[in-house]
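One letter stands for each residue in the lines below.
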Amino acid sequence: MKARRSLAERLVLGAPWVWLLVFFLIPFLIVVKISLSQAALAQPPYAPVFALGDGWEALEKLKELSLAAYAGLADDWLYAEAYLSSLRLAAVSTAFTLAVAYPLAYAMARASHRWRPILLVLAIAPFWTSFLIRVYAWITILKDEGLLNHALLSLGLISEPLHIFASDEAVVIGIVYSYLPFMVLPLYNAIARQPPDLLEAAADLGASPTAAFWRITAPLSAPGVVAGCLLVFIPAIGEFVIPDLLGGSDTLMIGRTLWIEFFDNRDWPTASAVAVVLLALLVVPMAFYERSQMAETPS
Amino acid sequence: MSAAPLITFEHVTKRYGAVTAVDDVSLEIGAGEFFALLGPSGCGKTTLMRLIAGFETPDAGRILIDGRDMADMPPHARPVNMMFQSYALFPHMDVARNIGFGLAQAGQPKAAIAARVAELLRLVQLEGLGARKPDQLSGGQRQRVALARALARKPRLVLLDEPLAALDRKLREETQFELMRLQRELGTAFMLVTHDQDEAMVMAHRIAVMRAGRIEQLGAPRAIYEVPASRFVAGFIGEVNLFEGVVARVEDGLAFVRLNGLNALVCAAVEGAVGASVTLAVRPERMLLELVRDEGLPGVVLDSAYRGDTQVARVRLANGSLVRIARFGAALMPERGAAVRVSFAPDAARVLPA
Amino acid sequence: MKQSSFVRSAALLFGFAFLYAPIALLVIYSFNASRLVTVWGGFSTRWYGSLLENDQLIASAWISLRIALVSALIATIVGTCAAIALARFGRFRGRLAFSSMIYAPLVMPEVITGLSLLLLFVALDIPRGFWTVVVAHATLGMCFVAVVVHARLLTLDRSLEEAAMDLGATPGGALLRVTLPLAAPSILAGYALAFILSIDDVVIASFTSGPGSTTLPMRIYSQVRLGVTPEINAVSTILIGMVALILAVGVLTSLRSDASVRD
């Protein structure tokens with residue numbers, strides 16, 4: 001290891017460092033700060049506890065820090081409910097995503113070498129098309145007078161339309177659909193990189209194809225399952241667009257709560273407090289996720 | 001092979017598209033035999049082995065194990081086990097669970113598995129390493145785990161796919177003798193698949209030399225080396241010098257062959273009439289090199305090398321062809337550029353079909 | 001063996017049908033003459049025609065495009081620097097914090113990212129508009145670029161750089177003349193990814209944009225909230241078509257370069 005780095009090297013390291021510091025880390029500190037401020041009917045709609053340039057006086061003002069926003073969160077059961085409901089919907093969606101993605105990823109990884117790159121592109125391609133558009137597409141399908149009900153009614157499978165749209169079920173469908181590529185990719189990688197002769201060895205040692213799957217393929221794909229689940233679960237908790245477009249008025253998700261506090265109620269301290277608590281909830285799964293990512297790519 | 005053979009191939013053919021990997025092969029392997037499939041890469045030896053293991057199905061012909069047709073027998077139901085070239089150790093299981101995998105699949109009780117695993121660890125000299133994961137082992141240790149795993153179910157036949165390829169030279173030689181000892185003590189039939197003639201020669205009772213999907217020659221190592229059936233076998237097993245010639249005279253079963261219009265030499269029995277063209281194959285260590293005698297083919301020493309136990313020289317003959325000559329021991333080789341005469345004893349040459 | 005291949009084909013068929021059926025329906029119904037979404041009223045391109053007259057939508061599309069082009073460029077430059085630092089600088093001080101900040105935005109809920117950036121801009125008293133959205137998108141994009149390029153750099157043979165240095169190149173020269181050209185496809189992929197993330201985004205843009213910088217997704221979103229309209233189907237179809245075209249070109253060129261490598 002060199003003791004000193006050249007100017008160019010320091011620039012290469014420094015540019016992203018400074019960028020992330022200014023536009024990622026400091027903004028969070030500001031969120032924390034504002035969550036400790038008083039709501040005010042002004043522009044911006046909060047009374048700062050301390051401002052930049054307060055200097056030593058800022059320390060004096062620490063006494064005035066307001067926990068009002070957090071007290072508000074604790075008082076109103078609706079917030080707790082929203083957090084729990086987000087966790088529940090995210091967990092259910094993650095489970096369904098895994099159930100849909102695993103067979104797909106498995107079949108892709110076991111396809112012939114000629115087909116694999118094509119299947120891979122097909123699996124990733126939807127991710128490249130607009131997230132918003134893909135969620136929107138489900139409105140047309142799931143509405144009471146939508147295509148799904150239309151098809152089921154005309155096939156005679158149901159006698160009256162299913163009320164899926166504007167419900168938690170629709171949100172789960174939306175999350176499963178939107179996040180499917182995030183689950184398929186790590187699973188595919190975890191399965192495809194298993195040497196094929198491991199399965200041959202298992203068969204040679206008396207394992208039927210089913211036994212070989214459960215004793216070899218499944219445990220070896222565990223890192224992919226963990227990575228995929230975290231990639232779906234974490235962002236799904238804070239999801240806003242899907243519950244807003246597909247959920248009902250009673251669908252509680254914390255991302256939507258934050259949005260409403262911020263844009264509709266213009267209560268910035270409460271929105272910030274919601275964000276801080278959400279982040280606190282996510283710290284553990286995110287740490288897991290980062291550890292799994294860094295284990296994947298050792299330096 | 002007096003008793004019923006363990007493995008029988010009856011006119012087995014396997015094709016991949018336009019390529020015929022195994023071409024109408026018939027073969028018998030006896031119980032307790034150490035058998036080697038030898039050939040260059042792409043000769044079909046790996047396919048032949050995978051046909052026995054059940055990873056491939058023949059397009060034509062039958063494969064019998066202990067007299068039973070294996071046509072509809074999936075790999076996991078066959079009484080053979082394989083040691084993979086890559087070893088294919090399960091990375092998420094420790095050594096003991098790797099070795100015990102086949103026993104667990106057979107539904108054996110835990111205690112019996114543990115006892116058998118301990119026995120096998122002793123057999124391959126890995127006592128105390130049962131709790132290690134494969135990535136915590138050296139290459140040689142991994143090789144022995146793979147072997148122990150293949151032996152665990154007491155199979156009728158163990159398939160060894162290039163078992164020594166990943167080992168360094170010294171370890172390879174030790175392991176060769178180790179495999180021979182195990183095979184002798186266990187009495188299990190071993191089938192070795194290799195492209196390394198030394199490996200096959202040292203370990204096997206019988207060798208099948210394969211080329212382009214066919215068995216070119218089948219026999220004991222000594223017979224294959226001393227009496228190669230074809231130019232290919234002669235060239236693939238060890239070094240060989242080939243001389244083109246014409247039968248000049250046949251007397252008492254001995255033929256006099258004229259080589260390239262040069263001196264005629266006597267050589268061993270030959271079928272074929274006077275005037276037939278033949279190829280003579282002579283091993284480098286059977287070649288004679290003289291500085292002064294008039295007999296033999298004239299040539300010039302191109303280069304020579306000292307290898308410790310042997311010395312080798314290459315001689316360019318007057319007609320332009322190169323001849324390799326090997327000598328054991330410390331006897332001096334003629335220097336580079338020396339004019340020499342090259343010959344061989346009448347019984348040193350084998351006549352190959354043209 | 002036959003049975004399992006049947007099961008695998010079924011899994012592929014079901015999986016891809018699930019992925020593509022909604023998109024296909026959306027595209028088909030954008031050509032529906034009827035205003036009713038579920039009733040097929042014959043083939044028509046009338047909704048595409050009415051798009052052309054929607055000046056607001058076109059203006060927003062133009063804004064989105066410019067934001068995406070600029071923010072993806074910034075994201076690619078800064079993100080590639082981050083990837084080089086992670087892949088080649090060894091265990092520098094603060095490495096863990098640095099890589100944590102690279103990986104975190106990949107899963108961070110967008111509402112948090114959007115809110116925090118907005119509060120930063122307010123605190124610094126920066127008027128919100130085109131450039132605030134660019135900065136927000138560049139921040140998210142650079143993390144994706146860094147991950148993509150980093151993964152590629154790790155697979156590159158270090159001995160290539162060492163050979164370059166052995167032949168007299170400085171470490172920087174080896175990087176510029178050997179490593180970066182080899183990583184170019186991943187850098188390009190990173191740019192495309194950052195571009196798509198930007199042009200797709202509705203949440204972060206809603207927080208960080210100001211009057212006059214309403215992006216296309218924001219515009220679509222406000223209309224979608226009011227209900228399904230054939231015009232939105234038409235816009236969506238155009239966007240899907242563009243992405244499909246870009247993807248097709250990308251895949252074809254990568255297939256061709258693969259083929260030429262094999263020759």
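Coordinates for the structure precede this section.
Numbers given for residues are sequential positions, taken from 1 along each chain in its written order. Whichever chain is written first is A, and whichever ligand is written first is 1; the rest continue in order. Local features are withheld for residues below a pLDDT of 70 in this predicted model, meaning they are given only at 70 or higher, and side-chain atom pairs are given and counted only at 80 or more; totals for whole chains, interfaces and linings count all residues. With hydrogens and water excluded, all non-hydrogen atoms of the structure serve as input to the side-chain values.

*Asks:* Sorry, what's going on with the overall build of chain C here?
*Replies:* Counting from the N terminus, the helices are the DSSP runs of H or I reaching at least four residues and the strands are the DSSP runs of E reaching at least two. Tallying secondary structure elements over chain C gives 11 helices and 0 strands in all. Across chain C, helices and strands are ordered from the amino to the carboxyl terminus as α-α-α-α-α-α-α-α-α-α-α. Expressed along its principal axes, the backbone C-alpha trace of chain C runs to roughly 70 × 65 × 30 Å. Relative to its full complement of 263 residues, chain C shows a buried share of 52%. One way to put it: in chain C the 17 positive side-chain charges average out to a point 5 Å from where the 13 negative ones average out. Three labels apply to residues, based on accessible area from a 1.4 Å probe with only protein chains included: buried if under 20% of the type maximum, exposed if over 50%, partly exposed otherwise in between. When charges are counted, neither His nor the chain ends are considered; positive counts come from Lys and Arg and negative counts from Asp and Glu. Where a charge lies is defined by one atom per residue type: Lys uses NZ, Arg uses CZ, Asp uses CG and Glu uses CD.

*Asks:* Help me out: how do you make sense of the arrangement of the chains in this one?
*Replies:* Working rule for contacts: check all heavy atoms of both residues, and any pair within 4.5 Å makes them a contact. No other pair of the 2 pairs of chains in contact has as many contacts as chains A and C. With no contact formed, the shortest span from any C-alpha in chain B to any C-alpha in chain C equals 9 Å.

*Asks:* Would you explain the sheet that holds strand β6 (residues 80–83) of chain B in this entry?
*Replies:* Within a sheet, neighbouring strands are paired by backbone hydrogen bonds and run either parallel or antiparallel to one another. Residues and elements named next belong to chain B. Any two strands with at least two DSSP bridges between them are considered paired. Pairing within the open sheet is mixed, and its 6 strands lie in the order β6-β7-β8-β3-β9-β10. Of all the strands in the sheet, just β6 and β10 (214–219) have a single pairing partner and so form its edges. This sheet shows a mean twist of 20° between the axes of neighbouring strands, independent of strand direction. Running at roughly 175° to β6, helix α4 (residues 139–151) makes contact with β6, β7 (157–161) and β8 (189–194) of the sheet. Geometry is summarised by axes, namely lines fitted to C-alpha atoms with helices restricted to the contacting stretch, and by angles between N-to-C directions that run from 0 to 180 degrees.

*Asks:* Sorry if this is basic, but what is going on with the interface of chain A and chain C here?
*Replies:* Reports of interface size often rely on the accessible area that becomes lost once the parts have come together. Taken together, the contact between chain A and chain C spans 87 residues of the former and 86 residues of the latter. Sorting the residues of chain A by area buried against chain C places W19, W128 and Y136 of chain A first, and these three jointly supply 10% of that buried surface. For salt bridges, the criterion is a side-chain nitrogen of Lys or Arg within 4 Å of an Asp or Glu carboxyl oxygen. Run the count over chain A and chain C and you get 1 salt bridge. Among the salt bridges present, the one from D244 of chain A reaches R225 of chain C, with a minimum N-O distance of 2.8 Å. Buried area is calculated as the accessible area (1.4 Å probe) missing from two parts once they are joined, with the contributions of both summed.

*Asks:* Where do I start with helix α10 (residues 209–220) of chain A in this structure?
*Replies:* Note: α-helices contain 3.6 residues per turn, so residues at a spacing of three or four share the same orientation. Any helix carries an expected span of 1.5 Å times its number of residues minus one. Along its 12 residues, α10 of chain A runs 15 Å from first to last C-alpha, staying within 8% of the 16 Å computed at 1.5 Å per residue. Buried residues of α10 of chain A: A212, F213, I216, T217, A218 and L220 of chain A, and no others. On the buried face of α10 of chain A, the contacting elements are α4 (77–109), α8 (168–192), α9 (196–204) and α11 (222–237) of chain A together with α2 (95–105) of chain B.

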